[in-house]
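Breakdown of the fold
Here's the letter readout for the chains.
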Amino acid sequence: TDLSGRLSRLCGSPCLIIAAPMERDTVLAVHAAVSGRSGNLVVVLESSGGCPCCAYAIGRGLKRRFGRLVVFVPSMAKSAATLIALAADELVLGDLGELGPLDPQFSGRQNADFPVGRSRLEVLRALELVREHALSTFDAAVRQVAENSGMRGEDVCRIGSELSARIYDPILSQIDPLVLGETVRSLEVGAEYATRLLRRYRPEVWTRNGPRIVERLVHGYPDHGFSIDREEMYELEIPVRAPDSDEAPIVEAMVSALRAGCPEETFVE
């Protein structure tokens, strides 16, 4: 509370700390905290993510109420929490601050039969790998048969197709169309929310580079925990800055304070 009070006085705006997962209770708590308030707002955001619908509701609600929204990320605003950062008029990442990809997770199971978080991109990536290997097998078979026989081109292609089908049909038959459809629709959720936040509240960013940003955040990273730091955001052309000389000591101290534990949401004048 002391640190957020200092940041509030420095920025000349009330300060809201959101240190919580993106879930319905957080939406209600933030709504209650800002009820009856307007003007400008500083948000200190610390979250490992959660429900993209809830993160969108928080970002949209803050932008409805406040004319200017400045978001500080001392440590992390991962996964769905990244959506709130995209809505900010000004985004400030500390030296340890990072956002995260928007590919949604689902609960899978490993050999030990305990739930693990897995990315929806795994299904599409697996399908892509099967396609790439099937094409590679077909090409290799066609080249080898063509080089070692005097067969006609159409016969060579038929043999290549039959060989590829014999190898990959058993693999493709294991793919559940409903799971594939669910995967695609789930990935669309993060993309659509990011699109709406940028298009409505950051039109200059959307016009300049919005579709590329959304595509990259949803599909462009190999791991859900991938660090999207300031340097990565510069490359994505997402407006971001480091804390200035007055803000930096406060932001650095907040990293330890947030990790040590604080109320899930605190509003400070």
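Use the structure listed above.
The model shown is predicted, which means the values in this text are computed figures rather than measured ones.

**Let's talk about the overall build of the protein**
- The number of helices and strands found in the protein is 10 helices and nine strands.
- Within the protein, the proportion of its 269 residues that are buried is 44%.
- For the protein, long-range pairs separated by at least 24 residues make up 70% of all intrachain contacts whose partners lie at least 6 apart in sequence.
- Of the roughly 13700 Å² of accessible surface on the protein, 52% is carried by carbon and sulfur atoms.

**Overview of the packing of aromatic side chains**
- Taken as a whole and judged by the stated rule, the model has two aromatic pairs.
- Both rings, one in Tyr56 and one in Tyr193, keep their centres 4.3 Å apart while their planes meet at 20°; by these two values the pair is stacked. Taken as a pair, Tyr56 in helix 3 (residues 52–65) and Tyr193 in helix 7 (residues 177–201) lie far apart in primary sequence, 137 residues in all.
- Classification of Tyr56 as buried rests on a relative accessible area of 7%.
- Taking the centre distance of 5.0 Å and the plane angle of 35° together, the rings of Tyr221 and Phe226 count as tilted.
- On the basis of relative accessibility, which here comes to 6%, the residue Tyr221 falls in the buried class.

**Quick word on the side chain of Glu232**
- Its place among the elements puts Glu232 in helix 9 (residues 230–236).
- By relative accessible area, which is 13% here, Glu232 ends up buried.
- When residues no more than four places from it in sequence are discounted, the contact partners of Glu232 are Arg216 and Tyr221.

What counts, and where the lines are drawn
- Residues numbered from 1 in each chain as written.
- Predicted model: local features only at pLDDT ≥ 70, side-chain atom pairs only at ≥ 80, totals over all residues.
- Heavy atoms only, no water.
- Helix = DSSP H or I, 4+ residues; strand = E, 2+ residues; numbered from the N terminus.
- Buried < 20%, exposed > 50% of the residue type's maximum accessible area, 1.4 Å probe, protein only.
- Contact = heavy atoms within 4.5 Å.
- Areas by Shrake-Rupley, 256 points an atom, 1.4 Å probe, with all protein chains shown as cover.
- Phe/Tyr/Trp six-rings, centres within 6.5 Å; stacked < 30°, edge-to-face > 60°.

It is worth stressing that arrangement in space is one thing and function is another; only the former is reported here.
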